[in-house]
Amino acid sequence: MKKLSDSEIQNQLKSLPNWEFHQNSLQINLTFKNFNECMTVVNKIAIESESLNHHPEWTNSYNTLFIKLTTHDVKGISLLDFKLAKSIVRITEEIAGV
């Protein structure tokens, strides 16, 4: 696994609407209809994260979820972060249409 360059990150971000590269991490804020929908998404992301052995930093407040991805082993962003981010997009679209 290698750390991606800024240009590689910007190129990958083109396929991830609403995600940002900020403070050496991929970040997104998501808003759901209610707490239950938010927690359903969180639980699905947790299962996916465990299968990839790559875990997000996140915070939740009622119907909002803030997610931050980085690969600590490379001290930056790797393709694994993008793989998980794409899974998160798929999960949120399936459950909440976000």
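Because the structure is predicted, anything quoted here is derived from the model rather than measured.

Considerations on helix α2 (residues 35-52)
Its 18 residues place the ends of α2 26 Å apart at the C-alpha level, agreeing with the 26 Å of an ideal helix rising 1.5 Å per residue. The elements touched by buried residues of α2 are β3 (57-61), β4 (64-69) and α3 (79-96). Among the residues of α2, the N-terminal cap falls to Asn34, whose side-chain oxygen and the backbone nitrogen of Asn36 are separated by 3.2 Å. Looking at the residues trailing α2, positive phi occurs at Asn53, about 55°.

Some points on the packing of α2 against α3
Packing of α2 against α3 brings their axes to within 10 Å, and their N-to-C directions diverge by 145°. Our pair here, α2 against α3, has a crossing hand that is right-handed. Judged by residue contacts, Glu37, Thr40, Val41, Lys44, Ile45, Glu48, Ser49 and Leu52 of α2 engage Leu80, Lys83, Leu84, Ser87, Ile88, Arg90, Ile91, Thr92, Ile95 and Ala96 from α3. Residue composition of the contact of α2 with α3, by class: 9 nonpolar, 4 polar and 5 charged.

Let's talk about the side chain of Ser87
Mapping Ser87 onto the fold places it in helix α3. When its relative accessible area of 10% is taken as the criterion, Ser87 is described as buried. Side-chain polar atoms of Ser87 contact the side chain of Glu48, separated by 3.2 Å.

Description of the sheet that holds β4
Spatially, 4 strands are ordered β1-β2-β4-β3 in an open sheet, and the strand pairing comes out antiparallel. Two strands close off the open sheet at either side, each with one partner strand: β1 (20-22) and β3. Sheet twist, expressed as the average angle between the axes of neighbouring strands with direction ignored, equals 25°. Pairing of β1 with strand β2 (residues 25-31), which is carried by 3 bridges, proceeds in the antiparallel orientation. Opposite Phe21, over in β2, you have Leu26 as the bridge partner. Against the sheet, helix α1 (residues 6-13) makes contact with β1 and β2, and its axis sits at roughly 155° relative to β1, the strand it touches most.

Procedures and definitions
Residues numbered from 1 in each chain as written. Predicted model: local features only at pLDDT ≥ 70, side-chain atom pairs only at ≥ 80, totals over all residues. Heavy atoms only, no water. Helix = DSSP H or I, 4+ residues; strand = E, 2+ residues; numbered from the N terminus. Expected span 1.5 Å × (residues − 1). Contact = heavy atoms within 4.5 Å. Polar contact = N/O pair within 3.5 Å; in protein donor to acceptor, adjacent residues only side chain to side chain. Axes fitted to C-alpha atoms, helices over the stretch in contact; angles between N-to-C directions. Left-handed = near helix turned anticlockwise from the far one by under 90°. Nonpolar A, V, L, I, M, F, W, Y, C, P; charged D, E, K, R; others polar. Buried < 20%, exposed > 50% of the residue type's maximum accessible area, 1.4 Å probe, protein only. Pairing = 2+ DSSP bridges.

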